[in-house]
Every structure is written in structure tokens, then in C-alpha cells.
Amino acid sequence: MVNRRLLRVKAFQQLYAYNTQERAQYQLAFDELAHIFQPDLSLMISKEEQAPRLEGLKKLAEIQLREFFQEVPSEESIPPESLAAAKSVYKTYLNHSKKIAEKLKKDMVKEVESIYNQYLKILFYIQHLSDIAVWDENRRLLENPIKTSQLSKNKVLAIMPKWRALQQAFEEHHIGWSEDEENRIKKLFLEVMLLDQTFVDYLPQAGKSFEDDIEMIRYILKTFILKHSSMTEYFEEKDLNWHLNKDVIKSLSTKTFKVDALEDLSLQALALQWDDDKLFFEELFESTIQLDKDLVHWIGDQTKNWESDRLAITDFILLKMALTEMIKFPSIPVKVSINEYIELAKNYSTPKSGQFINGILDVVSLRLINEKIITKSGRGLIDIASK
């Protein structure tokens, strides 16, 4: 099932993407000022004569724009042309940044929910193995001692087309397969499964024992569908985040067939409480962006002696996320948040990031607790304050 550690990783990925795109919008704002104050070639005045005044207006507009970005009130008046230009490009920056954040949040949730579709796709492949087995036997022109059609007698495969909840899920999520996918499963069956002695030895026994039938489905799932290189390479090609998603998909698929009787078959849930997890996921992403100015200030106070190029952007984002989580989710203990982001830093940042993240969060979180910015309730939730 999807857990919150995976959701933190997904949010981190999207916040990294947001940071990259937002920085690009920041630079575009200044580029647009340069464009606004280009000489007007339609005038009777040469561009050389226009240049000094336009350059002055542009520099004043750039100063004003930086003040907008820093949210610093302007102490001096500037020419209307400079002020209007700075306001215009800043408004465009805000609109574009907002749209970028909205799209990334939407894509983030969609990407997690697509894990369930991948799980259903695995079940779809399994269900249609019996059809492929019958197809294989029917297409042969010569007698063959391997009766692949016997696979269709497998009690689990026989019940799957009649499993109403499964078929409804296939329909609701538009689960099917392309010609390429069907050919890939056929190739897996012909070139891999039929060369596997365990599978071949099972065929004459198909349908005689539920225990043997369910064990063979588990074997097919583990050995061929989820493990064989032809399938894993395909999954990696179709899903750029397969390395993150595969454990959840494997877990959901395996648990589906971890039953003692046919009537125990049931679809697994994406998460135990997906609605709550989704709210956590979305708020963590949104609030990290909304609190950016304060987060930068708090982290900056603790990293004044660090040169900017020594602060990995990944560390900076993880620090922001951790503090946001501490502030916005009072039911999550501070220590839990710190430990989670230390682990993320170890996996997604520099070799020394875990120790760095730990040190900064210990100090900043204690400060914010003392200032009542981080408030926790319940036993064990504010034990960091006793350090």
C-alpha cells in the first residue's frame, strides 16, 4: 500500500520541479523588463539616443521588481514607466507560478493514483493468461505433449472473469491492453513460461487443488510478471517512477492472491485511508510553497555561515518540507518528521545531507516550538523540547 514516506518522496520531486520552473519564471521576469525597454525603432529618434534613458528606466524597474520579490516596501518613488513595467512582469510571474504549482499538485496526485491502475493492469495480465494458453494450443499444427489449454482449469483464473468487483474496476479504470502489450505477454508465455519446468509440470494438475492453483498464480506473478527482465524493462519504459512505485505494486498484487479460499479474493486498497493521505499530500506541497518566505528566513538564520554553493538545493527543499510538516500537522511528532527527512536526505541528496538535515532541524524546530509556531498536543509529541 501507499505510505506517507512514498508521498513525501513524491511531494519532494514536485517541489524540486516547482523550484526549477519558478526560478525560470523569475529570470524571465527580468528578461521581459529588458524587452520592454528596448528602443522604439518606429520613432524618429535613433536607438543610440534612446538608449541612456531606457537603460535608466530599466534599472529602476529591476530595483522595484526585486523589492516586489522580497516583499520590501519601496521607500523611493520611481518613474511611472518603471513602476508599471515592474508591476506588469511581477503579476505575470505570480500568475505563471500559481499555474505551475496547481499543475504540479494535480500531476502529483494523479501520478500516485495511477499506481492503482498499474496494479489492476497486472491483474488483467494474469486473468488473460488462460486465454493465451488456449490460443497457444489451438494455433499449433503438430501434436505437442504440453497441453497448455489446461491452464484455463486453474480455479483462480476461472473465477477471475466472474469476479464482479474486479471486472467493475477494470471498466471504471479503463483497464485493457494494447496490441503491443498482448504480444508481449504472449511472448513471455511462449519463450519463458513454457520453458519453465515448474510451470510445465503443473499443467496436468491444473484445477485439481485450490492450494496448487493459487500457489501457481503466486509463482507466475513473482517469477514472470513482476520479475522477468522483459517485463521489468517494459514497466520501467512506461513509468519513469517505476523504481519508486514497484514495491507498492508488488505488494498490492501479492496480497491479492495471499488467500486460503476463492471466496477470500478481494481487491487491495491503494492506501488504508487514501482521502486523509491525499489531504496530507496536497497540504504538504501547497504549504511548503505558501510558507516559503518564512521558511527561508528560519533556515537562513541557522545557515548564515554556509556559502550558498555549499547548500544543496535538495537539502534546502527537504528542510522546508520538514518544517512545514511540523507546523501544519500537529498530530505528527517532531521526531518522526525529523527522522523521515533524514532518511529522504540519505536517499535523494548528498552523502552528508542526513547529518546536516538532522542538525539544522534540531535547532530550528526547538526555536519554533519555543516561539509557539510549532505546536503539538498529546503524549510524546513535544518531547524534542526537553533536549
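Everything numeric here is computed off the predicted structure, so don't read it as measured data.

1. Here we look at the overall build of the protein chain
So, step 1. Secondary structure assignment for the protein chain yields 16 helices and zero strands.
So, step 2. Here the C-alpha atoms of the protein chain give a radius of gyration of 29 Å, more than 25% beyond the 21 Å that 2.2 N^0.38 yields for 387 residues.
So, step 3. With respect to the three principal axes, the spread of C-alpha positions in the protein chain is 95 × 65 × 35 Å.
So, step 4. Counting the 387 residues in the protein chain, one finds 44% classified as buried.

2. Section: the domain arrangement of the protein chain
So, step 1. Split by domain assignment, the protein chain resolves into domain 1 (1-17 + 273-386), domain 2 (18-93) and domain 3 (108-264).
So, step 2. On a C-alpha basis, the centroid separation for the pair domain 2 and domain 3 is 60 Å.

3. Regarding the environment of Ala11
So, step 1. For Ala11, the position within the fold is in helix α1 (residues 4-36).
So, step 2. On the basis of relative accessible area, Ala11 is assigned to the buried category, the value being 0%.
So, step 3. Distance in space between the C-alpha atoms of Ala11 and Lys255 is 27 Å, their sequence separation being 244 residues.
So, step 4. Aside from chain neighbours lying at most four places away, what touches Ala11 is Met108, Phe281, Leu284, Phe285 and Met321.

4. Things to note about helix α10 (residues 229-238)
So, step 1. Every buried residue of α10 is accounted for by Met231, Thr232, Tyr234 and Phe235. Considered in projection along α10, the buried side chains sweep an arc of 160 degrees and stay on one side of the axis.
So, step 2. Here the buried face of α10 lies against α3 (80-127), α7 (179-191), α9 (210-225) and α11 (242-256).

5. Quick word on unusual backbone geometry
So, step 1. In this model, Glu71 sits at a positive phi of 55 degrees, which is unusual for a non-glycine residue.
So, step 2. Structurally, Glu71 can be placed in the loop between α2 (47-70) and α3.
So, step 3. Residue classification places Glu71 among the exposed positions, given a relative accessible area of 51%.
So, step 4. Not every positive phi belongs to a glycine, and His174 is a case in point at roughly 55 degrees.
So, step 5. Residue placement: His174 occurs in the loop between α6 (164-172) and α7.
So, step 6. When its relative accessible area of 72% is taken as the criterion, His174 is described as exposed.

6. Observations concerning α1
So, step 1. Between its first and last C-alpha atoms α1 spans 46 Å; for 33 residues at 1.5 Å apiece the expected length is 48 Å, and the two agree.
So, step 2. Two or three places before Arg5, at the start of α1, stands the capping residue Asn3, its side-chain oxygen 3.2 Å from that residue's backbone nitrogen.

7. Overview of a negative patch on the surface
So, step 1. On the surface, a cluster of negative charge is contributed by Glu211, Asp212, Asp260, Glu263 and Asp264.
So, step 2. Inspection of the secondary structure assignment puts Asp264 in the loop between α11 and α12 (274-290).

8. Observations regarding the packing of helix α4 (residues 129-139) against α7
Helix-helix packing is characterised by the crossing angle of the two axes and by the distance between the axes.
So, step 1. Look at α4 against α7: their axes get within 10 Å of each other, and the N-to-C directions meet at 65 degrees. The hand of the α4/α7 crossing is right-handed. Mapping the contact onto sequence places Leu129, Ile132, Ala133, Trp135, Asp136 and Arg139 in α4 and Ile185, Lys186, Phe189 and Leu190 in α7.
So, step 2. Split into classes, the residues belonging to the contact of α4 with α7 amount to seven nonpolar, no polar and three charged.

9. Notes on the environment of Trp177
So, step 1. Its place among the elements puts Trp177 in the loop between α6 and α7.
So, step 2. The spatial distance from the C-alpha of Trp177 to the C-alpha of Phe124 is 8.4 Å, given a sequence separation of 53 residues.
So, step 3. With residues near it in sequence (within four places) discarded, Trp177 still touches Lys121, Phe124, Tyr125, His128, Ile132, Glu182 and Ile185.

10. Concerning the packing of α1 against helix α14 (residues 313-328)
So, step 1. Running from amino to carboxyl end, α1 crosses α14 at an angle of 125 degrees, the nearest separation of the two axes being 10 Å. Judged by the inter-axis angle, α1 sits oblique to α14. Once α1 is placed against α14, the crossing between them reads as right-handed. Between α1 and α14, the contacting residues are Arg8, Ala11, Phe12, Leu15, Tyr16 and Asn19 on the first element and Ile313, Thr314, Ile317, Leu318, Met321 and Glu325 on the second.
So, step 2. Among the residues forming the contact of α1 with α14, the class breakdown is eight nonpolar, two polar and two charged.

11. Focus on the packing of aromatic side chains
So, step 1. The full count for this structure, using the stated rule, is 17 aromatic pairs.
So, step 2. Where Tyr26 meets Phe69, the ring centres are 4.5 Å apart and the plane angle is 45 degrees; that geometry is what we call tilted. One end of the pair, Tyr26, is in helix α1; the other, Phe69, is in helix α2, and 43 residues separate them in sequence.
So, step 3. Looking at Tyr26, the relative accessible area reads 22%, which means it is partly exposed.
So, step 4. Accessibility expressed as a relative area gives 19% for Phe69, which makes it buried.
So, step 5. Feature note: the residues Tyr26, Phe30, Phe68, Phe69, Tyr90 and Tyr93 constitute an aromatic cluster, connected by ring pairs.

12. Thoughts on the pattern of salt bridges
So, step 1. For the structure shown, the criterion picks out 19 salt bridges.
So, step 2. One salt bridge connects Glu340 with Arg5, and the closest N-O pair in it is separated by 2.9 Å. Taken together, the residues Glu340 in helix α15 (residues 334-348) and Arg5 in helix α1 connect sequence positions 335 residues apart.
So, step 3. What makes Glu340 buried here is its relative accessible area of 14%.
So, step 4. For Arg5, a relative accessible area of 39% gives the class partly exposed.
So, step 5. Residues Glu55 and Lys58 are paired through a salt bridge, measuring 3.6 Å at the closest nitrogen-oxygen approach.

Cut-offs used in this document
Residues numbered from 1 in each chain as written. Predicted model: local features only at pLDDT ≥ 70, side-chain atom pairs only at ≥ 80, totals over all residues. Heavy atoms only, no water. Helix = DSSP H or I, 4+ residues; strand = E, 2+ residues; numbered from the N terminus. Rg over C-alpha atoms; globule rule 2.2 N^0.38 Å. Buried < 20%, exposed > 50% of the residue type's maximum accessible area, 1.4 Å probe, protein only. Domains from an automatic or database assignment. Contact = heavy atoms within 4.5 Å. Arc of directions from axis to C-beta. Expected span 1.5 Å × (residues − 1). Polar contact = N/O pair within 3.5 Å; in protein donor to acceptor, adjacent residues only side chain to side chain. Patch = residues over 30% accessible without salt bridge, like charges linked within 9 Å, V, L, I, M, F, W, Y side chains within 5 Å. Areas by Shrake-Rupley, 256 points an atom, 1.4 Å probe, with all protein chains shown as cover. Salt bridge = Lys/Arg side-chain N within 4 Å of Asp/Glu carboxyl O. Lys, Arg positive; Asp, Glu negative; His and termini not counted. Charge placed at Lys NZ, Arg CZ, Asp CG, Glu CD. Axes fitted to C-alpha atoms, helices over the stretch in contact; angles between N-to-C directions. Left-handed = near helix turned anticlockwise from the far one by under 90°. Nonpolar A, V, L, I, M, F, W, Y, C, P; charged D, E, K, R; others polar. Parallel < 35°, antiparallel > 145°, perpendicular 65-115°, else oblique. Phe/Tyr/Trp six-rings, centres within 6.5 Å; stacked < 30°, edge-to-face > 60°.

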